[in-house]
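Results of the structural survey
Below, each chain spelled out in residue letters.
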Amino acid sequence: MCPQSDNEQPTCPICVKNEKADTLPPRDRAVVVDGWRVAHDARSTMRGWMVIAPMRHVESLGELSAAESASLGTVLRNLTQAMVSALGASRSYVLSFTEAVPHLHLHVVPRMPDLQHDRLGPGIIEYQAGPPLDEDTRDDIAGKIRSAWPTD
Ligand SMILES: [Zn+2]
């Protein structure tokens, strides 16, 4: 249970969405697999900036179970492969801060082959500034990620 619960209702925004994962729009549940939910980031100005979070409330990578740790590796691989095949990415960047929302989440960003020089590496965070993508665009991209998700 989410430790931020009040009257057994989670207040953590990720736990709130995890509880109703089956009814979320595509942008918030591109894929739900093996204890992880993959969503399009709501704040990014970059197409395909995804966030993965465990279905269980943990606040650190160190709190994951052995099974969750193992499935995280597979989810990271599969998401990167989906970004390559569906979005044309050359690979992915992975970041995790878990500061604004205290539920572990990892940002997985498509490293596009034509990325501007000033956006390489840490410069990628500039895509968190500015008006975010609209919901229809995020739904569309999440659908493409889902369609390209490896099945092995
Ligand atoms: Zn939570």
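Below: a short report on this structure. (Residues numbered from 1 in each chain as written. Predicted model: local features only at pLDDT ≥ 70, side-chain atom pairs only at ≥ 80, totals over all residues. Heavy atoms only, no water.)

We now examine the coordination of the zinc ion. Protein coordination of the zinc ion is provided by Cys12 (SG), Cys15 (SG), His57 (ND1) and His103 (ND1), with donor distances spanning 2.0 to 2.4 Å. In this structure, the zinc ion is surrounded by four donor atoms whose angles at the metal cover 105 to 119°, and the resulting shape is tetrahedral. Mapping the donors of the zinc ion onto the primary sequence gives the spacing C-x2-C-x41-H-x45-H. Of the two residues, His57 sits in the loop between strand 3 (50-54) and helix 2 (66-87) while His103 sits in the loop between strand 4 (91-95) and strand 5 (106-111), which places them 46 residues apart along the sequence. Neither residue differs from the other here; His57 and His103 are each classed as buried. (Donors = N, O, S within 2.8 Å, 3.2 Å for Na, K, Ca; no water. Tetrahedral: all angles 85-135°; square planar, octahedral: opposite > 155°, others 65-115°. Helix = DSSP H or I, 4+ residues; strand = E, 2+ residues; numbered from the N terminus. Buried < 20%, exposed > 50% of the residue type's maximum accessible area, 1.4 Å probe, protein only.)

Quick look at unusual backbone geometry now. What is expected of a backbone is that most residues other than glycine have negative phi and most peptide bonds are trans. Although it is not a glycine, Asp34 sits at a positive phi angle of roughly 50°. Positive phi values are uncommon outside glycine, yet Thr98 reaches one of about 50°. Looking at where Thr98 falls in the secondary structure, it is placed in the loop between strand 4 and strand 5. Thr98 gets classed as buried once you look at its relative accessible area, which sits at 13%.

This is a description of form; function is not addressed.
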